[in-house]
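Each chain, written out:
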Amino acid sequence: MELLHHLDVDKKSRIPMYQQIVDSITNNISVGKIELNYKLPSINTISEDFNLSRDTVEKAYNILKERNIIVSIPRRGNYVAKVETNHKLNILFLVSKTSSYKMSIYNAFLNRVGVTSKIDLAIYHCDEFVFVNTLKNAKLVYDYYVVMPHFKNDKLQHASFTDSTLEIIQSIPKNKLMILDNVMPPLLEDKDVTAVYQEYDNDIYEALKQAMYKINKYNKIALVYPEKSIYPYPRRILHGFRKFCLEFEKDFEILNEICEDMEFKEKDLFITIEEGDLVNLISQIRKKGLQMGEDIGVISYNDTPLKELLGIATMTTDFKIMGETAADMILNNEKGRFKVPFKFIDRMSI
């Protein structure tokens, strides 16, 4: 049984050559043309017979090794180690909470990776203990570990990492790790860690600069930032907001929540993060007969179709791009960092 007779490589195809080799070998294993312990042709043999670069073939073999489909035995060659290849990839997707935003990322990732890959979704609710134990139980099981690191401390405040969560993350092979949404500060300097992420402090700072032409008509900016929450928000949002207001000499205030019967002053601008605060704010503006976008300004953090329908201005990252980019990097075995775009969307509420 000779693999070269079955290897399907089309140089006119847009699919990368290394990916064609990976797909061809896994397909041949699936249909029984290649059996367990079969010795694959050498990298040089495939390179010469198909007129491909050695690096291309080596990349394909490395992907197959990472997926535990083949194993390399020194001085003997590469052998088939697994014949169950119904799923191209086995991925653990570890999410901090089940918000619409996190699920948008997950759904975009899922749609991009495709139904032929097996993805296990796990929710750890910003809980350090659940996060660590989920990864301990999953070690050596998955081809990739996609994790969103958001934790809460004893005061229900946000933490990007703890000692135990950092330790378990660093125990995962870097070629199998994808950090999503929020990069742990100790990993920022490690260029070998792959990440698709937001920059919370710089993002809100730059978005407010984009909105300056609208912000200038307001006398005071109030950021509604829940100091304590079951699902807390990064404190870097506060840092970026303060930096903007101080640098551009804007009168500002930080509120914990939108209270009932709150006193409004004309030309106040509110920035809300939680959906409940946004609903309460709009309700009170309407009850008091104020004009949103004229008397009182409103900007909401993170865009949704409903906010677009209601004409609510937003500052938002692109969750679809985040999920799709992470999927593409895994599918193409790419490493590196990708900062997801963040922007201000102008609507009638401001």
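Please refer to the structure higher up on the page.
An account of the accompanying structure is given in this report.

To continue, consider the overall build of the protein chain. The helix and strand inventory of the protein chain stands at 13 helices and 16 strands. When the backbone C-alpha atoms are referred to their principal axes, the protein chain occupies close to 80 × 45 × 35 Å. Within the protein chain, buried positions represent 52% of all 350 residues. Within the protein chain, contacts between residues at least 6 apart in sequence are counted, and of these 70% link residues at least 24 apart. With the model as given, the accessible surface of the protein chain reaches about 17100 Å², and the carbon-plus-sulfur share is 49%. Charge centroids of the protein chain, computed over 46 positive and 49 negative side chains, lie 3 Å from each other.

By the definition in use, this model includes 14 salt bridges. Between Asp203 and Lys339 there is a salt bridge, and its shortest N-O distance comes to 2.7 Å. Taken together, the positions of Asp203 in helix H8 (residues 200–210) and Lys339 in strand S15 (residues 337–339) put the pair 136 residues apart, joining distant regions of the chain. Here the residues in one salt-bridge network are Arg112, Lys320, Glu324 and Asp328, joined through shared partners.

What follows deals with the packing of helix H2 (residues 17–30) against helix H4 (residues 54–66). At a minimum axis separation of 8 Å, H2 and H4 run at an interaxial angle of 45 degrees. Comparing their axes, H4 and H2 come out oblique. Between H2 and H4 the crossing geometry is right-handed. Here H2 contributes Met17, Tyr18, Ile21, Val22, Ile25 and Thr26 to the contact with H4, which in turn contributes Thr56, Val57, Lys59, Ala60, Tyr61, Ile63 and Leu64. Considering only residue class, the contact of H2 with H4 consists of 10 nonpolar, two polar and one charged.

As a further point, take the packing of aromatic side chains. For the structure shown, the criterion picks out 11 aromatic pairs. Between Phe131 and Phe151, the ring centres sit 4.9 Å apart and the planes meet at 85 degrees, which makes this aromatic pair edge-to-face. Of this pair, Phe131 sits in helix H6 (residues 128–138) while Phe151 sits in strand S6 (residues 151–152), and the two are 20 residues apart along the sequence. Note on accessibility: Phe131 and Phe151 belong to one class, buried.

What follows concerns a negative patch on the surface. Together, Glu128, Asp154, Asp163 and Glu167 give the surface a local cluster of negative charge. Tracing the backbone shows Glu128 in helix H6. With a relative accessible area of 32%, Glu128 lands in the partly exposed category.

With that settled, the discussion passes to the pairing of strand S12 (residues 268–272). Counting buried residues in S12 gives five out of five residues, a clear majority hidden from the surface. Residues Asp268, Phe270 and Thr272 point to one face of S12 and Leu269 and Ile271 to the other, with burial holding for every one of them. Examined bridge by bridge, strand S10 (residues 220–224) and S12 share five bridges and lie parallel to one another. Within S12, the position partnered with Ile221 by the bridge is Leu269. Looking at chain direction, S12 and strand S13 (residues 296–301) are connected through five bridges and run parallel. The partner of Thr272 across the bridge, within S13, is Ser300. One crossover worth recording links S12 to the parallel S13 by way of helix H11 (residues 275–287), and it is right-handed.

Definitions and limits used
- Residues numbered from 1 in each chain as written.
- Predicted model: local features only at pLDDT ≥ 70, side-chain atom pairs only at ≥ 80, totals over all residues.
- Heavy atoms only, no water.
- Helix = DSSP H or I, 4+ residues; strand = E, 2+ residues; numbered from the N terminus.
- Buried < 20%, exposed > 50% of the residue type's maximum accessible area, 1.4 Å probe, protein only.
- Contact = heavy atoms within 4.5 Å.
- Areas by Shrake-Rupley, 256 points an atom, 1.4 Å probe, with all protein chains shown as cover.
- Lys, Arg positive; Asp, Glu negative; His and termini not counted.
- Charge placed at Lys NZ, Arg CZ, Asp CG, Glu CD.
- Salt bridge = Lys/Arg side-chain N within 4 Å of Asp/Glu carboxyl O.
- Axes fitted to C-alpha atoms, helices over the stretch in contact; angles between N-to-C directions.
- Parallel < 35°, antiparallel > 145°, perpendicular 65-115°, else oblique.
- Left-handed = near helix turned anticlockwise from the far one by under 90°.
- Nonpolar A, V, L, I, M, F, W, Y, C, P; charged D, E, K, R; others polar.
- Phe/Tyr/Trp six-rings, centres within 6.5 Å; stacked < 30°, edge-to-face > 60°.
- Patch = residues over 30% accessible without salt bridge, like charges linked within 9 Å, V, L, I, M, F, W, Y side chains within 5 Å.
- Pairing = 2+ DSSP bridges.
- Right-handed = clockwise from strand over helix to strand, strands pointing away.

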